[in-house]
Amino acid sequence: MKTRFKPKYNIKKGDSVVVIAGNDKDLAKPRTVKLVLVEDAKVIVEGVNIISRHTKPSAQNTKGGIVKKEAPIHISNVMLWDAKEKSGVKSRRERNADGKTVRISKKSGEVIK
């Protein structure tokens, strides 16, 4: 994504999210974000979008074979998980008393950690 300003997303590494679209859609099962690719607007989520990579034998991998790994999915296909609501929620940003910006669930009003 070639833009002048770096986009800001409400999803960070380590967040619990639910997949709301695609083959791995499950609105009741929270999963963990492993990596956020900001420039591509994609995230890598644990156990989602598994691909098989056929590898030749090399110095590092002497056997070769089929390696399974997670591929990125678009950030719009995931939603933050709120443990209190037990569902995916939208969030907003607010400054707290310390002056730090925190994410707040729009449904429950709780701070998302």
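Here the structure is shown first, and the text comes after it.
Residues numbered from 1 in each chain as written. Predicted model: local features only at pLDDT ≥ 70, side-chain atom pairs only at ≥ 80, totals over all residues. Heavy atoms only, no water.

*Asks:* Help me understand the layout of surface pockets, please; the structure alone is not making it clear to me.
*Replies:* Left-over empty space is what a probe sized like a water molecule reveals as it rolls over the atoms. Estimates place the volume of the largest pocket at around 180 Å³. What lines the largest pocket is Lys 8, Tyr 9, Asn 10, Ile 11, Ile 75, Val 78, Met 79, Leu 80, Val 89, Lys 90 and Ser 91. Class assignment of the residues belonging to the lining of the largest pocket gives a composition of 7 nonpolar, 2 polar and 2 charged. (1 Å grid on protein atoms, 1.4 Å probe; cavity = no way out; pocket = protein on both sides within 12 Å on 5 of 7 lines; lining within 4 Å. Points joined across faces, edges and corners; volume = space filled by probe spheres on them. Nonpolar A, V, L, I, M, F, W, Y, C, P; charged D, E, K, R; others polar.)

*Asks:* When you look at the pairing of strand β2 (residues 26-37) in this model, what are you seeing that I'm missing?
*Replies:* Looking along a regular strand, one sees side chains alternate from face to face of the sheet. Sheet topology places strand β1 (residues 16-19) next to β2; 3 bridges connect them, and they run antiparallel. Bridged to Val 17 within β2 is Arg 31. Linking two consecutive strands that pair antiparallel, namely β1 and β2, is a turn of 6 residues; a positive phi of about 105° is found at Gly 22 within it. Bridging between β2 and strand β3 (residues 42-45) involves 4 bridges; their strand directions are antiparallel. Each residue of the ladder has a partner; that of Leu 37, found in β3, is Lys 42. (Pairing = 2+ DSSP bridges. Helix = DSSP H or I, 4+ residues; strand = E, 2+ residues; numbered from the N terminus.)

*Asks:* Where do I start with the environment of Pro 7 in this structure?
*Replies:* Within the fold, Pro 7 resides in the segment before β1. Looking at Pro 7, the relative accessible area reads 26%, which means it is partly exposed. Each C-alpha atom of the pair Pro 7 and Ile 75 lies 12 Å from the other, and the pair is 68 residues apart in sequence. (Buried < 20%, exposed > 50% of the residue type's maximum accessible area, 1.4 Å probe, protein only.)

*Asks:* Would you mind going over the sheet that holds strand β11 (residues 111-112) with me for this structure?
*Replies:* Whenever strands of a sheet pair, they do so through backbone hydrogen bonds, lying parallel or antiparallel. The strand order across the open sheet built from 3 strands is β9-β10-β11, with neighbouring strands paired in antiparallel fashion. Single-partner strands in this sheet number two, and they are β9 (91-95) and β11. Here β9 runs beside strand β10 (residues 101-105); their pairing, made up of 5 bridges, is antiparallel. The residue of β10 that forms the bridge with Arg 93 is Arg 103.

*Asks:* Looking at this structure, how should I read unusual backbone geometry?
*Replies:* Note: most peptide bonds trans; most residues except glycine with negative phi. Despite not being glycine, Ala 41 shows a phi value in the positive range, around 60°. Within the element layout of this structure, Ala 41 appears in the loop between β2 and β3. According to the relative accessible area criterion, Ala 41 is buried, its value standing at 7%. A positive phi angle, near 60°, is found at Asn 49, a position not held by glycine. Tracing the backbone shows Asn 49 in the loop between β3 and β4 (50-55). Assessed through its relative accessible area of 28%, Asn 49 is described here as partly exposed.

All we've got here are geometric facts, nothing functional implied.
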